[in-house]
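Listed here are the chains, written in short residue letters.
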Amino acid sequence: MPHRFTRRTFGKALGTTATALAVPTVLSGSAMAFSDGDRVTPTTALNTRHRPGTESEILATMSPGTVGEIMNGPTDEDGYTWWGVHWLDDDIWGWSAGQYLTLEDGGGGGGNKPPVNYDQAASGNYGSANRGTSDIRWAIIHTIEGSYETGINVFNDPSSGVSAHYVVGNSAGQITQMVDDPDIAYTAGNYDYNAAGMNIENEGYAAEGHPDSLYQNAADIVGWICEEYNIPKERPSGVAPADPNDGAGVIGHAQVPDPNDPSRGGGINHHTDPGSGWDWEYFMSLL
């Protein structure tokens, strides 16, 4: 498993003021069922929030006609059913009450995100941020060095200090999201790569092989990540650039540079995952 490293504030501004927006009054509405990838629009001026719940920080207020893509949900909180929405024109990712969302004219089909479970990591194990497409450049592949359930349990443990955006298991369809895409998972042992990356932990061990079902699950979510955030479906060779903004692609934890010695890979603790057991050629062929 990855180890904890020094945290610092991620201050990338997206031009949206989160605290000065008024809370619209909404008096009615009935919940709809959506699917990942559906295109939706608000039926009224609608807040999008950092987390599900009426007490969570407001990121923006969306007007009717604004188009978003369903990315997560549903989850129930404070009497509402909440959906994770990527508001496309503004490149804002937040949670909105489904009672005030409707399908965009012409129906859904806005994306191909595979179905995922949602189990948020302990609050101290990741950094809150408002990352958009321009901030995310890398998909970083890890192995848990244990089971799917072990990975989820570790990221739910507030004493661990680590997390991943997605945890992938061996059984068909086993994908759990534990950190929202705009936030920063603490996994790679290099803060700059965490801030510029999407971290995916896979069931198993670096020195052992993996079943086809694991590769398919991983390819489903990584392929979607690459398409959603314009990450090239390519794996650069060797250790990645010292500055993550100097490249982009799909890499293993072993290719993340040590922040103190960028000539060495594996982050600050020189991890070797996903290791010799990971069939890169096969995995990349599935993306």
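So, here is what we can say about the structure in this document. Every value quoted in this text rests on a predicted model; they were computed, and no experiment measured them.

Calculation criteria
Residues numbered from 1 in each chain as written. Predicted model: local features only at pLDDT ≥ 70, side-chain atom pairs only at ≥ 80, totals over all residues. Heavy atoms only, no water. Salt bridge = Lys/Arg side-chain N within 4 Å of Asp/Glu carboxyl O. Helix = DSSP H or I, 4+ residues; strand = E, 2+ residues; numbered from the N terminus. Buried < 20%, exposed > 50% of the residue type's maximum accessible area, 1.4 Å probe, protein only. Pairing = 2+ DSSP bridges. Contact = heavy atoms within 4.5 Å. Axes fitted to C-alpha atoms, helices over the stretch in contact; angles between N-to-C directions. Polar contact = N/O pair within 3.5 Å; in protein donor to acceptor, adjacent residues only side chain to side chain.

**Brief notes about the pattern of salt bridges**
- For the structure shown, the criterion picks out three salt bridges.
- Between Arg 51 and Asp 180 there is a salt bridge, with the nearest N and O atoms lying 2.7 Å from each other. Of the two residues, Arg 51 is situated in the loop between β2 (46–49) and β3 (58–62) and Asp 180 in the loop between β12 (175–177) and β13 (184–185); the sequence distance between them amounts to 129 residues. Of the two residues, Arg 51 and Asp 180, neither departs from the other in class, the shared state being buried.
- Salt bridges sharing partners connect three or more residues here, namely Arg 51, Asp 180 and Asp 183.

**Section: the sheet that holds strand β10 (residues 138–143)**
- What the six strands build is an open sheet, ordered β8-β12-β11-β14-β10-β15; its pairing is mixed. One side of each edge strand has no neighbouring strand; the edge strands of this open sheet are β8 (117–118) and β15 (249–252).
- Bridge count for β10 against β15 is four bridges, and the pairing is parallel. When the bridges of β15 are listed, Trp 138 appears paired with Gly 249.
- In the packing of helix α1 (residues 148–156) onto the sheet, the strands contacted are β8, β11 (166–168), β12 and β14 (197–202), and the crossing angle to β11 comes to about 160°.
- Here helix α3 (residues 212–228) sits on the sheet and contacts β10, β11, β12, β14 and β15; the angle it forms with β11, its principal contact strand, is near 155°.

**Some words on the side chain of Asn 190**
- Relative to the helices and strands, Asn 190 resides in the loop between β13 and α2 (191–196).
- The exposure class of Asn 190 is buried, given its relative accessible area of 4%.
- In terms of polar contacts, Asn 190 uses its side chain to reach the backbone carbonyl oxygen of Pro 257, at 2.7 Å.

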